[in-house]
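# Tertiary structure, described
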Amino acid sequence: MRGELEFLSDDVMSGKLTRRSFLGRAAALGVSAVLANNLLATAARAAGPVKGGVLKAGMQGGSATDSLDPATWQSQVPYFFGRQWSEQLVQIDPNGVLQPALAEEWGSSPDAKVWTFKIRKGVQFHNGKEMTPADVLATMERHSDANSKSGALGIMQGIDKIVVDGQTVVFTLKEANADLPFLMDDYHLMIQPNGGKDNPTEGIGTGPYKIAVNEAGVRLGGEKFANYWRDDRGFADQIEIIIINDATARISALQSGQVHMINRVEPKVVDLIKRVPGVTIQNVSGRGHYVFIAHCNTAPFDNNDLRLALKYAMDREEMVQKILMGYGSVGNDTPINKAYPLFTEMEQRAFDPDKAAFHYKKSGHSGPVLFRTSDVAFPGAVDAAQLYQQSAAKAGITIEVKREPGDGYWSEVWNKQPFSASYWGGRPTQDQMYSTAYYSKADWNDTRFFNEKFDQMLFQARAELDTDKRKKLYADMGAIVRDEGGVITPMFNDFIDATGPQVGGWVPDGNQEMMGGYALSKCWLQR
């Protein structure tokens with residue numbers, strides 16, 4: 001029977017049989033839809049990429065306020081779309097290994113204070129101009145400028161000087177940093193003509209697709225760039241992202257074939273979706289985490305006892321069980337988990353109503369604490385807020401939950417309101433995560449965590465080339481964030497996406513959802 005199915009799956013790959021007919025024949029033989037689809041997926045991988053067609057994604061995380069300026073990207077859709085039309089110097093592969101992109105190679109001085117990147121020749125921007133080291137320099141200059149409001153500003157602070165030397169770009173650092181090449185994968189650092197200084201929202205890049213449609217908050221589209229420099233992506237003729245912020249609507253769009261893949265599948269419906277013929281759940285663990293963020297410089301959250309009270313009032317085990325349905329792990333009020341190579345275990349903070357009540361009383365605060373959330377903050381964010389409300393009540397703390405609209409949440413609530421729900425996809429290294437969101441001068445320091453000792457340790461760890469000493473510094477920094485910071489981290493989430501029956505080439509990638517952001521470029525439509 002299996003031999004017959006393998007023969008039929010080859011017919012599907014060659015176009016002699018439709019997928020629907022194959023699934024019908026498989027069902028007649030008593031074979032489950034899951035096994036049948038696995039056979040098709042195996043055959044598709046063996047057959048290799050298929051070119052042509054329009055590959056579509058239905059996504060949460062788009063807003064009418066989204067911009068094409070990479071400096072401003074805050075949520076999934078602009079980031080994901082950006083991966084298709086623009087590129088950085090390097091890219092991190094699904095195994096966490098740094099790979100060349102617009103830089104062919106790189107190296108450093110023995111003390112890791114001077115880094116040289118050799119820029120690839122012959123790469124064209126979508127406007128027909130050749131990408132040069134001068135464009136790289138201008139890009140880095142723009143993202144180093146506080147006026148750009150770039151999300152990469154925090155990681156650029158350690159750079160003292162950048163110059164062009166022939167076909168290379170040379171970075172001289174204020175302090176040694178063995179992780180600098182990893183920082184160049186930051187998705188804000190997309191190389192643009194003249195660095196985007198002329199028009200950062202023009203949407204001109206070097207990626208496999210050039211922008212054809214830009215309807216912020218509604219629909220985004222790209223068409224294949226004929227002069228793209230590499231052949232391992234960009235298989236579809238066109239790509240399209242349809243903004244579908246409602247979780248139920250996204251699933252319906254996938255089932256009906258309106259789209260071929262979706263992001264942000266809610267854990268509570270995963271088992272139901274698994275039963276849908278032709279639909280495959282694509283989940284992978286990584287560095288992503290859901291957070292409740294409090295501004296450390298805004299009353300009443302400028303009182304550490306109140307912050308500790310709010311942390312002890314969180315039942316993390318319940319959150320993982322009821323919100324993630326097991327598709328994740330318990331957080332510990334830091335952004336770092338075992339997915340990071342220099343991770344050190346810390347004592348797990350547990351739900352403790354008595355300690356929460358003690359610190360709450362010591363803080364001197366009385367009355368309700370306002371917490372803002374939205375469906376777009378993370379899957380299950382509204383339910384999570386209600387669970388938090390219930391667990392905090394056991395400590396005598398009243399949490400007032402305000403549900404905000406999804407459109408505009410990332411521009412009007414996150415990083416502006418003093419206590420709200422959010423998420424982070426994580427970063428490849430601890431230095432990058434801390435530099436982006438916890439360094440005092442980082443533009444995305446969304447907890448307003450200003451700690452001079454922490455900053456000093458960040459620079460020290462960055463310059464430390466002894467692995468054991470560096471690991472100890474990161475452990476101490478993690479303890480400071482956990483005990484003094486404004487982040488409440490209830491859980492680390494799996495990235496849960498789903499694909500329809502036509503999608504080929506999907507590879508698990510724990511760097512971010514949707515194959516690290518490259519799903520539309522690296523996948524293809526099976527015939």
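Coordinates for the structure precede this section.
Remember, it's a predicted structure, so these values are computed and weren't measured experimentally.

Reading the values: the criteria
- Residues numbered from 1 in each chain as written.
- Predicted model: local features only at pLDDT ≥ 70, side-chain atom pairs only at ≥ 80, totals over all residues.
- Heavy atoms only, no water.
- Buried < 20%, exposed > 50% of the residue type's maximum accessible area, 1.4 Å probe, protein only.
- Helix = DSSP H or I, 4+ residues; strand = E, 2+ residues; numbered from the N terminus.
- Pairing = 2+ DSSP bridges.
- Phe/Tyr/Trp six-rings, centres within 6.5 Å; stacked < 30°, edge-to-face > 60°.
- Lys NZ or Arg CZ within 6 Å of the ring centre and 35° of its normal.
- Salt bridge = Lys/Arg side-chain N within 4 Å of Asp/Glu carboxyl O.

### Things to note about the pairing of strand E5 (residues 114-119)
Of the two faces of E5, only the one carrying Trp115, Phe117 and Ile119 is buried; Val114, Thr116 and Lys118 on the other face are not. The loop that links strand E4 (residues 103-108) with its antiparallel partner E5 comprises five residues; one of these, Ala112, has a positive phi angle of about 60°. Where E5 lies against strand E7 (residues 168-173), five bridges are found, and the strand directions are antiparallel. Across the sheet, residue Val114 finds its bridge partner in E7, namely Thr172.

### So, the packing of aromatic side chains
Using the criterion set out here, one finds 24 aromatic pairs in the structure. Summarising the aromatic geometry, the rings of Phe235 and Trp524 are spaced 5.6 Å apart at their centres and angled 90° between planes, so their arrangement reads as edge-to-face. Of this pair, Phe235 sits in the loop between strand E9 (219-224) and strand E10 (238-243) while Trp524 sits in strand E21 (residues 524-525), and the two are 289 residues apart along the sequence. Each of the two residues, Phe235 as well as Trp524, counts as buried. Taking 5.9 Å as the distance between ring centres and 65° as the angle between the ring planes, the aromatic pair formed by Trp424 and Trp444 counts as edge-to-face. Placement of Trp424 in strand E17 (residues 419-424) and of Trp444 in the loop between helix H15 (430-437) and helix H16 (452-463) is noted, with a sequence separation of 20 residues between them. Trp444 sits in the buried class, given a relative accessible area of 4%. Among the aromatic side chains, those forming a connected cluster through ring pairs are Tyr290, Phe292, Phe301, Phe371, Phe378, Tyr388 and Phe419. For the cation-ring pair, Arg287 lies above Tyr340, with the distance from its terminal atom to the ring centre recorded as 5.3 Å.

### A few points about the pattern of salt bridges
Oppositely charged side chains are able to pair whenever their charged atoms sit close together. In this structure the tally under the stated criterion is 24 salt bridges. In this structure, Asp186 engages Arg427 in a salt bridge whose closest nitrogen and oxygen atoms are separated by 3.9 Å. Taken as a pair, Asp186 in the loop between helix H7 (180-183) and strand E8 (209-215) and Arg427 in the loop between E17 and H15 lie far apart in primary sequence, 241 residues in all. On the accessibility criterion, Asp186 (2% relative accessible area) is buried. Relative accessible area serves as the criterion here: at 6%, Arg427 is assigned to the buried category. If you follow the salt bridges from partner to partner, you end up with Arg316, Asp333, Arg349, Arg482 and Asp483 in one network.

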